[in-house]
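Observations on the model geometry
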Amino acid sequence: MCGKRSKCSFSRLEVILIVCLVLMIAVTVVLLVLHFVTKERKDSGETISNYLLGVGRADCTGPVAEIPLMGYANPDQVGGGLLMRLYSRAFIVADLDDSKRIVFVSADIGMVSQRVRLEVLKELKSKYGDLYRQDNVILSGTHTHSGPGGYFQYTLFWITSKGLIRPSLNAVVSGIVKSIDIAHQNMKRGRIFINRGTVENSQINRSPFSYLENPASERSRYSSDTDKEMVMLKMMDENGQELGLISWFAVHPVSMNNTNRLVNSDNMGYAAYLFEQEKNKGMLPGEGSFVAAFASSNLGDVSPNTKGPFCVNTGESCNNPQSTCPVGGATMCMATGPGNDMFDSTRIIGQNIYLKARELYEKASQEVTGTLSSAHQWVNMSDVSVELNATHTVKTCKPALGYSFAAGTIDGVGAFNFTQGTVEGDPFWDEIRDQLLGEPSNETNACHKPKPILFSTGEMTRPHPWHPDIVDVQIAAIGSLAIIAVPGEFTTMSGRRLREAVEKEFDSSGMPNMDVVIAGLCNVYTHYITTYEEYQVQRYEAASTIYGPHTLSAYIQLYRGLARAIAMNTVEDLPRGPEPPLFTMSNLTLVPSLTADRTPVNTTFGDVLQEVRRQYQEGEVAEVTFVGANPRNSAENATEHNFLTVERYTNTSDSWDVVQNDASWDTRFYWTKGLLGRSNVTIEWHIPHGTEPGVYRIQYFGHYKQKLSASHTVSVPFEGTSSSFEITAL
C-alpha cells in the first residue's frame, strides 16, 4: 500500500515479480501466435523449406558406333548401336540464404575420369565464377560397362579405348555441364527426406574367397558378404511438387555382358528409366522435370549376376579361389544373371532396384536438416604415410597392376589364361614386360608385396603417365547426411570400414548421428580398393588396388581428416594439396576416321531394305532395315540426336504421334558396317504389353557424310520411314 506517501513506490521484490509477470505474458502470447500460425500453415498445406533445390538431366551419350565400350577392357567390344541413351543427372542443394552450395552429379558413364572433371570445372568457372568449385562439386559415374570410352588422359586407358576420342569426351563434359546448368536455372525452395532399406535378390559377392580373409569377428557383425542397403534421398519443393531422388546402392552395372555392342546404362539406368517414366507421365524417355539418379557405391566385389559362376563349356560350377574350369581354364568361368539373357537380366535387376527405391520414396519421412559444408583435398596417393598405430607407420606405393588384373572377373574374363589369385609372377610374361615396358624397380616390387607386378604403371611415363598420382578426396555434408566421394571401386568390407571410421570421426568431433553414404567412381578413376586382408590373396580386385596393400588405410586416414575439418569448422585450414595435371593431348587415336558414306546401286539413304510385317501383337518384335550411314556423323553434328521414333496414327487429327524414341527400353538400334562406305541400320521395336491397338510406323533419322572435294566433306541429314503396320489385340 502507498500509505501516506504522496507517490506510490514498489519494493525491489515487487518490481522483479511484475517484470517476471510481464515476460511470462509476452512469452505466452508469442507461443500462442506461433502455435496458431504453424497450425494455419499445416492446415493450408504450406511447408517450411530448409534448402534451395535444383535438379537437371541432360544427354551425354556420345558416339554409338566404332568407339570401344568402357568397362570390360575388351578392345573387340566396340559400339554398334543403341539400346538406351546415357544421361547426366545433376542435383544442387543450397542454403536458404544461398551462402553455400553443393552439387552432386550421377552420370551414366563407366567412371568419372580426371580429364572429365578438370574440363567440367573449367567450364563451370567460365560460366559461374567461383560458385561451383572442386570442393563443392561431386561428379560420380554409375559404372555402366556399355558406354563409349575415350575420355581419359592417362595412357593405360588409351590402350583399350584406342586413344583420346574427343567426340566422346565432349559429349560427357557438355552433358554434365548442361545438367548442372538446368539445375542451376530451376532452383526452388524445398525439403529433403532420407530413407533406407534392403534390396534382395539383386547381387552376389564375386570374390567371396577374398571376403573370407577378413577377420571372422568383423564378418560376424554383418548378415551378408554384400551391402544390401539402399540409401535414398527424396526432394520436394515448398508446394509439395516432387523434384527428384538420389539413390545409392552397391552393385556392378554388368548385367549386360562383354558381348554386348549396344550403348546403354545397364541395370541402374533401367531403374532410373522406370522411375522417371512413372513420375513424368505422358512424356517420352529423357523428357520431363522429375530426375531420378541411381548412383554407385562400394560395388567393388559386387555382381548382379546372381546365378554365380559356371563353366560355359561344361555347365559345372567354377566357384573356386582361382575361378577356373577343368577344361579351358579361367576364360571359361563366367557368371550369369537371373534372366534368360543379358537383356532379361538387366530388366530383372533394374526392376528390383526401382521397386525398392519406389517403396522407400513413398515412405520417406525423416527430414534432412542443417547447414551445408564440403571439404576437398588433392593428395599424392603414391606417397602417403599412414599411422597404423602409435608404433607402426606404413606408406602407399607408386601405381602398379598385378597379374590377376589380366585375369578379369567372373563378370568379364581376361585373356591368355591368366588366373585370379596369382601371387607369383611368370618368367615368360616378366621377360615380355621387361623388354616392352620396362622392369619394375626393387622398391616398387617390395612395396606391393605379395602382388606380383604385371605393369609398373607408376614408373611408365610415355607418352603420358599411365596412372594418376594426384587424387581427389572429398566429403560433402547436407545437414545430417555426409556423402563420401571416393575415386574408385571400394569392396564391400572396405566400404564398411570407411563408413564406420568417418561416422566415428564425426561423432568424436561434435557431429553425432550422421548418415554416411559412399558415392563411388568419383572425380578420378583409380581402379579398386580392397582391405589389407583381401589384398593378400590377390584376386582381381586386389591386383587392381594400384597404390598397394595400405591403400584403404590411407583413404581412411584422409577421409577422417576431412570429416574432422567439417565437424570442427576448420575446412579453411586444410591444405589444398598438389593440383593434378591437365595434359596437352594429341588427337592420336586408332578409331577409324570418318569417310564418305555410300549406298548400294539404285538406292538412297533411308530406303527400306527389309520391311516390317503388316500386322503384330504385343510381345512380338517389329523389325525394319534401312540403307544407313555411320551414326558417328550424327553424334559429331549434334549433342542430342534421336536415331528413331515409333509413331502411332491418330485418325481424328490425321497425324502421327511419337510414342517411343531411341531412349526407350523397348527399342533397339543396330548399325552394321559394310564395305566401301556402305552400312545398314536395323531398328527393332519389342512391342510391350499394354500397347494400344492401332496403326504404327517406325522412322529412322541419320546423317551421311558427302565428299565435296578432296579436302572438304559435309554431313547431310536424311530420314527413312517403314510401311505402316497394325497392332491388334491379343
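Parameters at a glance
- Residues numbered from 1 in each chain as written.
- Predicted model: local features only at pLDDT ≥ 70, side-chain atom pairs only at ≥ 80, totals over all residues.
- Heavy atoms only, no water.
- Disulfide = S-S within 2.5 Å.
- Helix = DSSP H or I, 4+ residues; strand = E, 2+ residues; numbered from the N terminus.
- Expected span 1.5 Å × (residues − 1).
- Buried < 20%, exposed > 50% of the residue type's maximum accessible area, 1.4 Å probe, protein only.
- Polar contact = N/O pair within 3.5 Å; in protein donor to acceptor, adjacent residues only side chain to side chain.
- Contact = heavy atoms within 4.5 Å.
- Patch = residues over 30% accessible without salt bridge, like charges linked within 9 Å, V, L, I, M, F, W, Y side chains within 5 Å.
- Areas by Shrake-Rupley, 256 points an atom, 1.4 Å probe, with all protein chains shown as cover.
- Salt bridge = Lys/Arg side-chain N within 4 Å of Asp/Glu carboxyl O.
- Pairing = 2+ DSSP bridges.
- Axes fitted to C-alpha atoms, helices over the stretch in contact; angles between N-to-C directions.

1. Quick look at the state of the cysteines
On inspection of all chains with the given rule, the structure shows three disulfides. The disulfide that involves Cys 318 links it to Cys 333, with 2.1 Å between the sulfurs. One disulfide, between Cys 318 and Cys 333, carries an S-S torsion of 90° and so falls in the right-handed class. In this pair, Cys 318 is assigned in the loop between β14 (308-311) and β15 (333-336) and Cys 333 in strand β15, connecting sequence segments 15 residues apart. Covalently, Cys 397 is tied to Cys 447 through a disulfide, its sulfur atoms 2.0 Å apart. Residues Cys 397 and Cys 447 are joined through a disulfide that is left-handed, its torsion about the S-S bond being -85°.

2. Some details on helix α11 (residues 492-508)
The α-helix advances 3.6 residues per turn, and as a result positions three or four apart in sequence lie on the same side. Along its 17 residues, α11 runs 25 Å from first to last C-alpha, staying within 8% of the 24 Å computed at 1.5 Å per residue. Counting buried positions over the 17 residues of α11 gives 12, a clear majority of the element. Listed in full, the buried residues belonging to α11 are Thr 492, Met 493, Ser 494, Gly 495, Arg 496, Arg 497, Leu 498, Arg 499, Ala 501, Val 502, Glu 505 and Phe 506. In the stretch just after α11, Gly 510 is the one whose phi turns positive, near 105°.

3. Here's the deal with the side chain of Asn 661
Counting through the fold element by element, Asn 661 comes out in strand β33 (residues 655-661). For Asn 661, a relative accessible area of 7% corresponds to the buried category. There is a polar contact of 3.4 Å between the side chain of Asn 661 and the backbone oxygen of Pro 285. Setting aside residues no more than four positions away along its own chain, Asn 661 makes contact with Leu 284, Pro 285, Asn 642, Leu 644, Thr 645 and Thr 667.

4. Description of a nonpolar patch on the surface
Side chains of Phe 428, Ile 432, Leu 436 and Leu 437 sit close together on the surface and give an oily, nonpolar patch of about 380 Å² of accessible area. Mapped onto the secondary structure, Leu 436 falls in helix α9 (residues 427-436). Judged by its relative accessible area of 67%, Leu 436 falls in the exposed class.

5. A few points about the sheet that holds strand β25 (residues 481-485)
Taken in spatial order, the four strands of this open sheet run β17-β24-β25-β27, and their pairing is mixed. Because the sheet does not close on itself, it has two edges, and the strands there are β17 (372-380) and β27 (515-519). Direction aside, neighbouring strands of the sheet carry axes that sit 15° apart on average. Both β25 and β27 contribute to a ladder of five bridges, which runs parallel. Counterpart to Ala 485 in the pairing with β27 is Ala 519. Across the face of the sheet, helix α14 (residues 551-567) comes into contact with β17, β24 (470-478) and β25 while running at roughly 40° to β24.

6. Looking at the pattern of salt bridges
When charged atoms on two side chains of opposite charge get close, those side chains can pair. According to the stated counting rule, one finds 40 salt bridges in the structure shown. A salt bridge links Lys 673 to Glu 66, with the shortest nitrogen-to-oxygen separation between them at 2.8 Å. Of this pair, Lys 673 sits in strand β34 (residues 667-673) while Glu 66 sits in strand β2 (residues 65-70), and the two are 607 residues apart along the sequence. Lys 673 sits in the exposed class, given a relative accessible area of 54%.

7. Digging into unusual backbone geometry
Cis peptide bonds are those with omega within 30 degrees of zero, and the linkage from Lys 449 to Pro 450 qualifies with 10°. One non-glycine residue, Ser 323, adopts positive backbone phi at about 50°. In this structure, Ser 323 sits in the loop between β14 and β15. Classification of Ser 323 as buried rests on a relative accessible area of 6%. Here the phi dihedral of Asn 417 falls at roughly 60°; this positive angle occurs in a residue that is not glycine. Mapped onto the elements of the fold, Asn 417 is located in the loop between β22 (412-413) and α9. Its relative accessible area of 42% is what places Asn 417 among the partly exposed residues.

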